[in-house]
Amino acid sequence: MDIRNCKECGKLFQYDGISKLCYSCRKKDEEDFKKVKDYIYDNTGATITEVSEATEVSEDKILRYLREGRLEIVGENPGLVLDCERCGRAIRTGRYCEECAREIEKELRSGFERPVKRVKTEKDRDRMHIASFKKRT
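All residue numbers here refer to positions counted from 1 along the written sequence of the relevant chain. Local features are withheld for residues below a pLDDT of 70 in this predicted model, meaning they are given only at 70 or higher, and side-chain atom pairs are given and counted only at 80 or more; totals for whole chains, interfaces and linings count all residues. Hydrogens and waters are ignored; side-chain quantities use all the structure's heavy atoms.

**Comments concerning the overall build of the protein**
Comment: elements are numbered from the N terminus, with helices defined as DSSP H or I runs of at least four residues and strands as E runs of at least two. Broken down by element type, the protein carries five helices and four strands. Buried residues in the protein amount to 22% of all 137 residues. Residue contacts are defined here by distance: any two heavy atoms, one from each residue, within 4.5 Å place the two residues in contact. Considering only contacts in the protein between residues 6 or more positions apart, those separated by 24 or more positions represent 21%. Throughout, the Shrake-Rupley method with a 1.4 Å probe supplies accessible areas, and for residues the shown protein chains are the sole cover considered. With an accessible surface of roughly 11,400 Å², the protein has 51% of that area assigned to carbon and sulfur atoms. Only protein chains enter the accessibility calculation, which uses a 1.4 Å probe; a residue is then buried when its area is under 20% of its type maximum, exposed when over 50%, and partly exposed in between.

**Points about the nonpolar core**
The nonpolar side chains of a soluble globular protein tend to be buried, and buried together. To qualify as a nonpolar core, a set must consist of buried Ala, Val, Leu, Ile, Met, Phe, Trp, Tyr and Cys residues joined through side-chain atoms within 4.5 Å. With 16 residues, the main nonpolar core has Val36, Ile62, Leu66 and Leu71 as its most contacted residues. Those elements that place two or more of their residues in this core are helix H1 (23-42), helix H2 (48-55) and helix H3 (59-67). The element best represented in this core is H3, accounting for three residues. Formed by six residues, the second largest nonpolar core is a distinct cluster that contains Cys6, Tyr15, Cys22 and Cys25.

**As for the side chain of serine 52**
Along the chain, serine 52 turns up in helix H2. When its relative accessible area of 13% is taken as the criterion, serine 52 is described as buried.

Right, here's the structure in full:
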């Protein structure tokens, strides 16, 4: 059983491996997300500040929703820009640009692949040598 402190309120809760928030804070967070989503749906092109003021949800939470990939920046609004955490390129949602995400995925996959075992041939077999003989050659 894994017990942790809630990142929002600090109260102890049983960690489920998914959210770092307790049940009541997670429920409140979902309500805030729904408010933000509904406001953006009705007011396309709104800035983070406008959304925050209208919904009374902090700008940090809205940015977190963007980083989690739950919201996406649409259009060419220079005031709304996220940067890839790996290369710094401008992105619309998430933490990484598509190119960096592909590279990270490729690197992770290669780490899980099993190395191919080579079949030893007659030449590759271990051989015994006299130490003094091997030093001379």
